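# Summary of structural features
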Amino acid sequence: MNRYTIANIPGDGIGREVLPAGVRVLSAVAQRCGFALEFRDFDWSCETYLATGKMMPDDGLTRLADHDAIFLGAVGYPGVPDHVSLWGLLLPIRREFDQYVNLRPVRLLPGIRSPLRDKSTGDIDFWVVRENSEGEYSRIGGRTGTGEDEIVIQQAVFTRRGTDRILRYAFDFARKLGRPHVTSATKSNGLYHSMPFWDERFAAIGAEYPEIATDQYHIDILAARFVMSPERFDVVVGSNLFGDILSDLGPGVTGTIAVAPSANLNPPRRFPSMFEPVHGSAPDIAGQGIANPIGQIWSGAMMLDHLGEAEAAAMVLAAIEAVLLDPQADLTPDLGGDGSTADLTRQILEKLPGR
Ligand code: NAI
Ligand code: MG
């Protein structure tokens, strides 16, 4: 029997409510499909920071390294500045484990109303591939001068290796999906050095995949097209900053970020990859037991897919869709219902085959 060890990091706020929901669904599907998941809990969060001055212990990454994957809730909470929680936990994991791909499906699920009038299931169905390790998110730069003379410099870093590998991932992924079309997010009219380089590499890597159609848009008009004509996209690849924005805009046009999943992948599998919902810790509803667990559960399905359990992953997604299509379903308030996290999780469990 295949056996996988998973590091659970529930984190903060609703992360502590939706992660256990994800664990319940994954455990149930593992049992049905005949593989074993061993979850180990790591209670690293903003609370840890307030108690110890650190988001995770010094040997935190070493302790995570021998797991097959990391399953994360959300990190960040009022009382600890967001750049402290992000740079103290999430970014070290993404960077030290070289999770250079951030992958997100953008799919309008059945039963969820898009804010885009007249769009239905099937119209919005594409993937955002975000560079996750370099680019605009760097610590290089500084502040100098005071008062009116203050100067702030923030440098972006684009390496040939880092750029080529994310572009290649996007093309390989489009090939694997059987949707031979890759769109690049650029801004080579405004950014003088980095984006002309990005465009050059996109053309060069694209030439290695002659059967895959390509196009590219400046980030501003691309954002507009996500809203005006989402049907035209299959796989969209962007730098760290552009990909970050697009990968929230995408789920936004599908109606709610609460159901959106994401994967931070180390494609060579030298290190564990990390799976987490797109949403944050939602302090405004934390502790009420009403958070929507679908983003977490769908992230778990992406984790199963990554582990090679594609059939189990498909079962989880089918169960989610079946609940959303069920007119009797008791959905959470963000989906217009008055059900709890536990109610929605139970209904997803009930829709798994073989019960
Ligand atoms: P957020 O995603 O936590 O919340 C935005 C809005 O969406 C809120 O009104 C919230 O109630 C709602 N919402 C989010 N997830 C939901 C769910 N599962 N069910 C129902 N409603 C849901 O974003 P916000 O408020 O900007 O950030 C709060 C904290 O979370 C911050 O400290 C931020 O840094 C952190 N954060 C962490 C992320 C991560 O761990 N990757 C990602 C985004 C934010
Ligand atoms: Mg984001």
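Residues numbered from 1 in each chain as written. Chains lettered and ligands numbered in written order. Predicted model: local features only at pLDDT ≥ 70, side-chain atom pairs only at ≥ 80, totals over all residues.

The protein has the name D-malate dehydrogenase [decarboxylating] in an unreviewed UniProt entry, where Novosphingobium pentaromativorans US6-1 is given as its organism. Of the protein, the UniProt comment under Function (unreviewed entry) reads exactly: "Has multiple catalytic activities. Apart from catalyzing the oxidation of (+)-tartrate to oxaloglycolate, also converts meso-tartrate to D-glycerate and catalyzes the oxidative decarboxylation of D-malate to pyruvate." Taken verbatim from the UniProt record of the protein, the Sequence similarities (unreviewed entry) comment is "Belongs to the isocitrate and isopropylmalate dehydrogenases family." (UniProt positions renumbered as here; feature names shortened; annotations may be inferred.)

### Remarks on the overall build of the protein
Each helix and strand in the protein was counted, giving 11 helices and 12 strands. Taking 20 Å as the expected radius of gyration for a compact globule of 355 residues, we find that the protein reaches 20 Å, a close match to that expectation. Seen along its three principal axes, the alpha-carbon backbone of the protein occupies a region of about 60 × 50 × 40 Å. Taking all 355 residues of the protein together, the buried fraction comes to 45%. Restricting to contacts in the protein with at least 6 residues of sequence separation, those with at least 24 account for 75%. (Helix = DSSP H or I, 4+ residues; strand = E, 2+ residues; numbered from the N terminus. Rg over C-alpha atoms; globule rule 2.2 N^0.38 Å. Buried ≥ 20, exposed ≤ 12 C-beta atoms within 10 Å, placed from the backbone. Contact = placed C-beta atoms within 7 Å.)

### Overview of the UniProt feature "domain: Isopropylmalate dehydrogenase-like" (unreviewed entry) in the protein
Residues annotated by UniProt as "domain: Isopropylmalate dehydrogenase-like" (unreviewed entry) correspond here to residues 5-348. Taken end to end, residues 5-348 is 41% helix and 19% strand, and its first and last C-alpha atoms sit 23 Å apart.

### Things to note about helix 9 (residues 294-307)
The α-helix winds at 3.6 residues per turn, so residues separated by three or four positions along the chain end up facing the same way. With 14 residues, helix 9 extends 20 Å between its outermost C-alpha atoms, agreeing within 8% with the 20 Å of an ideal straight helix rising 1.5 Å per residue. Buried within helix 9 are the following residues: I294, G295, Q296, I297, W298, S299, G300, A301, M302, M303, L304 and H306. Buried residues along helix 9 sit in contact with helix 1 (15-33), strand 3 (69-74), strand 11 (261-265), strand 12 (273-277), helix 10 (310-325) and helix 11 (341-351). (Expected span 1.5 Å × (residues − 1).)

### Details of the site of ligand 1
Around ligand 1 sit 21 residues in total, of which G76, A258, H279, G280 and N292 are the nearest. Of the residues in the shell around ligand 1, the class split is 11 nonpolar, six polar and four charged. (Near = placed C-beta within 6 Å. Nonpolar A, V, L, I, M, F, W, Y, C, P; charged D, E, K, R; others polar.)

### Regarding the environment of Q288
Its location among the elements puts Q288 in the loop between strand 12 and helix 9. Judged by local crowding, Q288 falls into the partly exposed class, with 13 C-beta atoms found within 10 Å. Taking the C-alpha atoms as reference, Q288 lies 20 Å from D43; in sequence the two are 245 residues apart.

### Concerning the confidence of the model for the protein
Per-residue confidence for the protein gives a mean pLDDT of 95, with 100% of residues at or over 70. Reported confidences for the modelled complex are a pTM of 0.93 and an ipTM of 0.97. (pLDDT = per-residue confidence, 0-100.)

### Some words on the sheet that holds strand 10 (residues 235-238)
Here we have 10 strands laid out as an open sheet, ordered 2-1-3-12-11-4-5-10-8-9, and mixed in their pairing. Unpaired on one side and paired on the other, strand 2 (36-41) and strand 9 (213-218) mark the two borders of the sheet. Averaged over all pairs of adjacent strands, the angle between their axes in this sheet comes to 25°, without regard to strand direction. Judged from the six bridges that link them, strand 1 (residues 3-11) and strand 2 form a sheet pairing that is parallel. Considered in strand 2, the bridge of T5 is made with E38. Across the face of the sheet, helix 5 (residues 160-177) comes into contact with strand 4 (101-107), strand 5 (125-131), strand 8 (181-186) and strand 10 while running at roughly 165° to strand 5. Helix 6 (residues 194-207) rests against strand 8 and strand 9 of the sheet, and its axis sits at about 170° to strand 8. (Pairing = 2+ DSSP bridges. Axes fitted to C-alpha atoms, helices over the stretch in contact; angles between N-to-C directions.)

### Some remarks on unusual backbone geometry
Among all residues except glycine, the phi angle is most often negative; among peptide bonds, the trans geometry is most common. Positive phi values are uncommon outside glycine, yet R269 reaches one of about 60°. Summarising the element assignment, R269 is placed in the loop between strand 11 and strand 12. With 10 C-beta atoms counted inside 10 Å, the residue R269 sits in the exposed group. In the Ramachandran plot, A282 falls in the positive-phi region, its phi being about 45° despite a non-glycine side chain.

### So, the pairing of strand 8
In terms of burial, strand 8 is largely enclosed, as five of its six residues are buried. For strand 8 and strand 9, the ladder comprises six bridges, and the chain directions are parallel. By the bridge assignment for strand 9, S184 is matched with Q216. Note that the unit made of strand 8, helix 6 and strand 9 has a crossover that is right-handed. As judged from the three bridges shared by strand 8 and strand 10, these two strands associate in the parallel manner. Looking across to strand 10, one finds that V182 is bridged to V235. (Right-handed = clockwise from strand over helix to strand, strands pointing away.)

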